[in-house]
Number of protein chains: 2
Amino acid sequence: MASSFILKGTLIYAEDSSTLKVIPDGYLVCENGISKGVYETLPERFSGLKIRDYGDRLIIPGLVDLHVHAPQYAFRGLGMDLELLDWLKQHAFPEEMRYADLSYAKEAYRMFSEDLKKSTTSRACIFATSHREATELLMDLMEESGLCTYVGKSSMDRNCPDELREDTENGLREVSVWLDHVQGKYTHTYPILTPRFVPACSDPMLEGLGKIRHQYQLPVQSHLSENPNEVAMVKKLCPWSKFYGDVYDRFGLFGGEEKAIMAHCVWSGPEEIDRIRERGVFVAHCPESNMNLLSGIAPIRAYLDAGIRVGLGSDVAGGSSISLFRAVMQAVQVSKLYWRLEDSDLKPLTLTEAFWMATKGGGAFFGKVGSFEEGYELDALVLDDREITYLGKRSAAERLEQLIYLSQEPDITAKYVAGRQLF
Amino acid sequence: MASSFILKGTLIYAEDSSTLKVIPDGYLVCENGISKGVYETLPERFSGLKIRDYGDRLIIPGLVDLHVHAPQYAFRGLGMDLELLDWLKQHAFPEEMRYADLSYAKEAYRMFSEDLKKSTTSRACIFATSHREATELLMDLMEESGLCTYVGKSSMDRNCPDELREDTENGLREVSVWLDHVQGKYTHTYPILTPRFVPACSDPMLEGLGKIRHQYQLPVQSHLSENPNEVAMVKKLCPWSKFYGDVYDRFGLFGGEEKAIMAHCVWSGPEEIDRIRERGVFVAHCPESNMNLLSGIAPIRAYLDAGIRVGLGSDVAGGSSISLFRAVMQAVQVSKLYWRLEDSDLKPLTLTEAFWMATKGGGAFFGKVGSFEEGYELDALVLDDREITYLGKRSAAERLEQLIYLSQEPDITAKYVAGRQLF
C-alpha cells in the first residue's frame, strides 16, 4: 500500500539530462505514494509525517529498465560468443520453448522476479515468451514483487522454431484472451503489446496486432535496427517498406498516444530517426547487449540532440546482468568509443546524462516517474556505500559516481516503489 | 611459507589461448609451491599429502594484473569525463603529489594493498609515484600482503607539475638509491624500472634509466601509444624517433632479456607492432581504461595473430575497478566492437582467449605462472558461485562464464599465491 512518510538522507536525482540535484541531509516527502518535493529544512506543514532517517546514506530514484526478457534470465551470462540471429537460434529460442511447461515457467519466473525485486530496478518493460499461460503467471509474480511493470506476451508467427511459432489467427486470438484475462486484474502490472520483431512477425500478424492496439488502447514494445543482418532481413521480408521502423508504423505499432518502446536503434538511418522523433517513440538503449551480440553502438547523443526520448535497458540475456548501474556505466563508455571511432561530432555522454536516462528519461514511459520533484511517483532506493573504501572527503555526486562504477549490485538498505516499501 | 598440499574441486585453467581445461572433482597437487599437475584420480605417490576438499567449488589460477597504478586507487571510479592528458592534469597528478607525505602514502597504500589482497588478483605490475620513500613503503606493504608483485618508482622530469617533476640527475640518483635499498630485501616483491611515459621523460632521463637497467638487469614497464594526442606529443618531443616505441628502444628500455611491459598499444602502427614482437615486449591490454579515457580499442586479435605476448591490466584509475573478471569481460566486448566498427578481418576474442590473457598470458611475465600444469607456481583461487541463481545444470565452463560476466568481485573462499595461502 502506498503511504505517507518522509525519507531523510543524502538525496540525489537528475532533474534533466544535465542537472544532477543533490540535497545532503535532505527530506523527501511522500504523500499517498507521490512526492511532495525535497527540502533542506522540513516545512512545518509536513510535521505530522513520520521521518525515516537513513543518516548519510544516498537516496536516489529507483531505476527503470525499458527492455528485459524475463524468459532469458535463467541463462544470462552464457553463450556470449555468437551474433544476434545465431544466438537467438542456439540459445534464446530453445530456452524460451521450455515455458510451454508451466512448472518450469513458474520456477524460472520466480527466480527472475525475486532477483529483480532485490535489484536497483523499480520499473521494467518485460518481454515474456509467446506462451499465454506462462505470461499470465509471470504477471502474477511481478504483481507480487511490488515492482511496477509492463509485461508482454510475445507474438511470433515466422522465422522461429515450430515450438514457438504461432498460427497467425490463433496467435492473435491468444493475445485477445490474454488481454481479457489480465486487464484491470492488477494494481501495478500492465499488459503491453509485444510483436517479437519484424523478422518473426508476418504482415498479417502485425496488422492484427495493430487492430488490437487500437481496440484496447495499448502501448507496444519491440526491437528495431539492432543488427545489420537483421536490418537486411527486414528489407527482404518487407520490400515495400521504406525502412525497418516503417513496417511497425504502417500497422499502427510505432508510437502515438499510447506509447511505444523500440529497443536498440543501433542502425537507424536518417528517415527512421525522423520517424522515431515524430511518433514520440522511446528508444531503449542497451549498451551491453549491443556489445555482446556484436551489434555495434547506438548513436545516443544524436538521439538526445534530436529530442528523441531515450531510456536504458539491460536486455537480459543479450545483456548479461539486470544491473542498471552497469548499463549507466556502459552507456557512457560506449558513447566514448563512438566519439573516438565513429563520429567526433557526437560528444560522449556524461554520467549525469546516463543516470538521467536510467531514471527520469526511461521513467517518462511510466508517467511522472524517475525524479524526486513534486508530483512524481515516489520510487526510491536507499543505498549503502560503506563497502567502497576511500580516503578523505567525497561529494555526494562523487559517491554516486563511485557506486555506479564500482558496485553494480550495490547494497540496498531500503527500496520504495510508488510509495510502497518493498524491503 | 610455500608448502605442500592438494586442492580438490572443479579445476579450470587455460592451457593455451584456445583450450580451456576442466577437471570436475579434480586434484591439484602442490609441492613446495609448485604444481605437480592435475589429476582425475589421485596418484598413489601423492597419498602422503593433505587434501583440502572444496567440494564443487571452482578452482582457477590466480589472475595477473599487468598494469595498475597504486597511487590512483584512492580516487578510482571518479572524474571519468576527461581525456587522458587532461585527466592526468586534473586528477592523477594532483593525487599523486600527496604521496610526498608518508603518512598519507601509508594510509592510501594500505587501503590499496588490503583491497588487492582480497581481490581475484594474485600478481601485479604496479606503478608507484616518483617519491622514493613512499615507493619503498608500498613495497613493504605489498610484501606483507603475500601477493607477488613488481613495483616501480616512477621517473618523470618534464610535462608534469613541479611537485612531481624530478631534476634529471637527482631522479636517476633516487632510482639507484631505491634499488640499493630494495634489491634482495623481499621474497615476492621486486623492483621494476618505470619511466612514466615519453611525454614525462626527457631523453637524458631515458638514457640514464637505460644504463641503470643494463647495470641492474631489470625489467621495465611504461605506457605506449595510448591516445592520439599523446602519440602526437611524442612525435613532437622526439622528432628523431621513427615511432613512439622507438624512443624506449633507442635507450634500451624496450623488451630484451629482462622483460618489458608496455601498457595500452591502442594506436601502434605496423612498424611499432613489428618492433614489439621482435623485442618480446608484453602488451598490457586495459580495455576499461581505454574506454574511460577516450583512447579507443587496441587490436588485440592482431597482436595475438602476430605472436605478441599479451596480458590484461586493470589500469586503475584509468580503469575504475581492480576486478580482472571485469577486464576479461570487457576485453571480449571491445574486441566485438572493434570487429564491427573497425576491421571485420579481426575476429572477436573468445572468453577463453581473454581468460588466458588474464592468467597464463600475463602470467608469463612472472615466469611459469597462470596455469595448473606441472611445473607452474601454484596460484589458485577457490570461488564460491552460490550467489548466482540458476536452474538446471551448467557445465563447469558455463559456471566460469557466468561468474566472469556477473560477479566482478566474486566470493573467494580461499586464495593461494605461489603455494602460500593468503586466506
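The shown structure was predicted, so the numbers you read here are calculated from the model rather than taken from an experiment.

Moving on to the overall build of chain A. When helices and strands are tallied, chain A shows 13 helices and 17 strands. Computed over its C-alpha atoms, the radius of gyration of chain A comes to 21 Å, within 12% of the 22 Å expected for a compact globule of 423 residues. A separation threshold of at least 6 residues defines the contact pool for chain A, and within that pool the share at least 24 residues apart is 75%.

Moving on, we come to the side chain of B:Ser321. You can see B:Ser321 is positioned in the loop between β14 (309-312) and α11 (324-341). Polar side-chain contacts of B:Ser321 include one of 2.9 Å to the backbone nitrogen of B:Ser323. Dropping the residues within four chain positions of it, B:Ser321 is found in contact with A:Leu406, B:Glu288, B:Ser314, B:Val316 and B:Arg326.

This brings us to the packing of aromatic side chains. Counting across every chain of the model gives 30 aromatic pairs over all chains. The interplanar angle of 45 degrees and the centroid separation of 5.7 Å between the aromatic rings of B:Tyr39 and B:Phe46 together place this pair among those described as tilted. A residue is classified by how much of its surface remains accessible, and B:Tyr39, at 17% relative accessible area, is buried. Judged by centre distance (5.4 Å) and plane angle (80 degrees), the ring pair of B:Tyr99 and B:Tyr104 falls under edge-to-face. Of the residues examined, B:Tyr99 reaches a relative accessible area of 1% and is grouped as buried. An aromatic cluster is built from A:Tyr150, A:Tyr190, A:Phe282, A:Phe365 and A:Phe366, whose rings are joined through pairwise contacts. Geometry around A:Tyr390 places A:Arg394 over its ring, the cationic atom sitting 3.4 Å from the centre.

Moving on to helix α13 (residues 396-406) of chain A. Most of α13(A) sits inside the fold, with 9 of its 11 residues counted as buried. For α13(A), the set of buried residues is A:Ala396, A:Arg399, A:Leu400, A:Glu401, A:Gln402, A:Leu403, A:Ile404, A:Tyr405 and A:Leu406.

So, about the relation of the copies chain A and chain B. Here chain A sits on chain B after a turn of 180 degrees about the axis and a move of 0.0 Å along it, with an RMSD of 0.0 Å. The symmetry that links the two subunits is that of a two-fold axis. The rotation axis passes nearest to the C-alpha of A:Leu341 in chain A, at a distance of 3.8 Å. When the interface residues of chain A are mapped onto chain B, 100% of them again lie at the interface, so the same face is used by both copies.

Once that is clear, we can look at the interface of chain A and chain B. With 52 residues of chain A at the contact, the number on the chain B side is 52 residues. Carbon and sulfur atoms supply 58% of the area buried between chain A and chain B, which totals about 4,300 Å² over both sides. Seen at the junction of chain A and chain B, the total is 0 salt bridges. Our count for the contact surface shared by chain A and chain B stands at 24 residue pairs in polar contact (both at pLDDT 80 or more).

Residues and elements named next belong to chain B. On the basis of which strands lie adjacent, the open sheet formed by 7 strands has the order β3-β2-β1-β4-β15-β16-β17 and mixed pairing. Strands with a single pairing partner mark the edges of an open sheet, and in this sheet they are β3 (34-39) and β17 (420-421). Of the pairings in the sheet, the one linking strand β2 (residues 19-31) to β3 comprises 4 bridges and is antiparallel in character. Of the residues in β3, the one forming a bridge with Tyr 27 is Tyr 39. Sheet strands in contact with helix α12 (residues 351-363) are β1 (5-16), β2 and β4 (51-61), and its direction is about 120 degrees off that of β1.

Residues and elements named next belong to chain A. Looking at chain direction, strand β1 (residues 5-16) and strand β2 (residues 19-31) are connected through 10 bridges and run antiparallel. Pairing of Gly 9 across the sheet is with Gly 26, part of β2. From the end of β2 to the start of strand β3 (residues 34-39), which pair antiparallel, there are 2 residues, and Asn 32 there has a positive phi angle of about 50 degrees.

The next point concerns unusual backbone geometry. The phi angle of most residues is negative, glycine excepted, and most peptide bonds adopt the trans form. At the junction of A:Val316 and A:Ala317, the peptide bond is cis and its omega measures out at 10 degrees in the coordinates. Backbone geometry places A:Ala418, a non-glycine residue, at a positive phi of 50 degrees. Structurally, A:Ala418 can be placed in the loop between β16 (411-417) and β17 (420-421). Phi angles above zero are rare outside glycine, and B:Ser225 is one such case at about 45 degrees. By secondary structure assignment, the location of B:Ser225 is in the loop between β11 (220-224) and α6 (228-237).

Next up on the list: the sheet that holds strand β5 (residues 63-69) of chain A. All names here are of chain A. Pairing within the open sheet is parallel, and its 4 strands lie in the order β5-β6-β7-β9. Every other strand in the sheet has two partners, leaving β5 and β9 (189-191) as the edge strands with one partner each. Strand after strand, the sheet turns through a mean of 20 degrees between neighbouring axes, direction not considered. Across 5 bridges, strand β6 (residues 121-127) lies against strand β7 (residues 148-152) in parallel orientation. Each residue of the ladder has a partner; that of Ala 124, found in β7, is Thr 149.

All names here are of chain B. For Ser 176, the position within the fold is in helix α4 (residues 168-182). Residue Ser 176 is classed as partly exposed on the basis of its relative accessible area, which comes to 21%. When the C-alpha atoms of Ser 176 and Ile 212 are compared, they prove to be 7.5 Å apart, with 36 residues separating the residues in sequence.

Next up on the list: the environment of B:Tyr150. All names here are of chain B. Within the element layout of this structure, Tyr 150 appears in strand β7 (residues 148-152). Under the relative-accessibility criterion, Tyr 150 is labelled buried at 14%. In sequence terms Tyr 150 and Ile 308 are 158 residues apart; their C-alpha atoms lie 21 Å from each other. Setting aside its immediate chain neighbours within four residues, Tyr 150 contacts Ala 124, Cys 125, Ile 126, Tyr 190, Pro 191, Ile 192, Pro 219, Phe 365 and Phe 366.

Residue and element names in this part refer to chain B. In the contact formed by α4 and helix α5 (residues 203-216), the axes pass within 9 Å of each other and the chain directions differ by 20 degrees. Taken together, the axes of α4 and α5 are roughly parallel relative to one another. Regarding α4 and α5, the two cross each other, and that crossing is right-handed. Residue-level inspection shows Thr 168, Gly 171, Leu 172, Val 175, Ser 176, Leu 179 and Asp 180 of α4 in contact with α5, the latter providing Pro 204, Met 205, Gly 208, Leu 209, Ile 212 and Tyr 216. A per-class count over the contact of α4 with α5 returns 8 nonpolar, 4 polar and 1 charged.

On to the state of the cysteines. Going through the model one piece at a time under the given rule, you end up with 0 disulfides over all chains. The structure places no disulfide on A:Cys201, whose sulfur is separated from the nearest cysteine sulfur, that of A:Cys160, by 8.6 Å. You can see B:Cys265 has no disulfide; the closest cysteine sulfur is in B:Cys286, sitting 9.3 Å from it. The class for B:Cys265 is buried, based on a relative accessible area of 0%.

It is worth spelling out the confidence of the model for chain A at this point. The pLDDT averaged across chain A works out to 96; a share of 100% of its residues lies at or above 70. In the predicted complex, the global pTM is 0.98; the interface-specific ipTM is 0.97.

All names here are of chain B. Of the two faces of strand β13 (residues 282-285), the one carrying Phe 282 and Ala 284 and the one carrying Val 283 and His 285 are both buried. As paired elements, strand β12 (residues 260-264) and β13 share 3 bridges and run parallel to each other. Looking at β13, one finds that Ala 263 is bridged to Ala 284. Crossover handedness for the path β12 to helix α8 (residues 270-279) to β13: right-handed. Both β13 and β14 contribute to a ladder of 4 bridges, which runs parallel. Pairing of His 285 across the sheet is with Leu 312, part of β14.

Criteria and cut-off values
- Residues numbered from 1 in each chain as written.
- Chains lettered and ligands numbered in written order.
- Predicted model: local features only at pLDDT ≥ 70, side-chain atom pairs only at ≥ 80, totals over all residues.
- Heavy atoms only, no water.
- Helix = DSSP H or I, 4+ residues; strand = E, 2+ residues; numbered from the N terminus.
- Rg over C-alpha atoms; globule rule 2.2 N^0.38 Å.
- Contact = heavy atoms within 4.5 Å.
- Polar contact = N/O pair within 3.5 Å; in protein donor to acceptor, adjacent residues only side chain to side chain.
- Phe/Tyr/Trp six-rings, centres within 6.5 Å; stacked < 30°, edge-to-face > 60°.
- Buried < 20%, exposed > 50% of the residue type's maximum accessible area, 1.4 Å probe, protein only.
- Lys NZ or Arg CZ within 6 Å of the ring centre and 35° of its normal.
- Least-squares fit on C-alpha atoms with pLDDT ≥ 70 in both.
- Buried area = accessible area lost by both parts, 1.4 Å probe.
- Salt bridge = Lys/Arg side-chain N within 4 Å of Asp/Glu carboxyl O.
- Pairing = 2+ DSSP bridges.
- Axes fitted to C-alpha atoms, helices over the stretch in contact; angles between N-to-C directions.
- Parallel < 35°, antiparallel > 145°, perpendicular 65-115°, else oblique.
- Left-handed = near helix turned anticlockwise from the far one by under 90°.
- Nonpolar A, V, L, I, M, F, W, Y, C, P; charged D, E, K, R; others polar.
- Disulfide = S-S within 2.5 Å.
- pLDDT = per-residue confidence, 0-100.
- Right-handed = clockwise from strand over helix to strand, strands pointing away.

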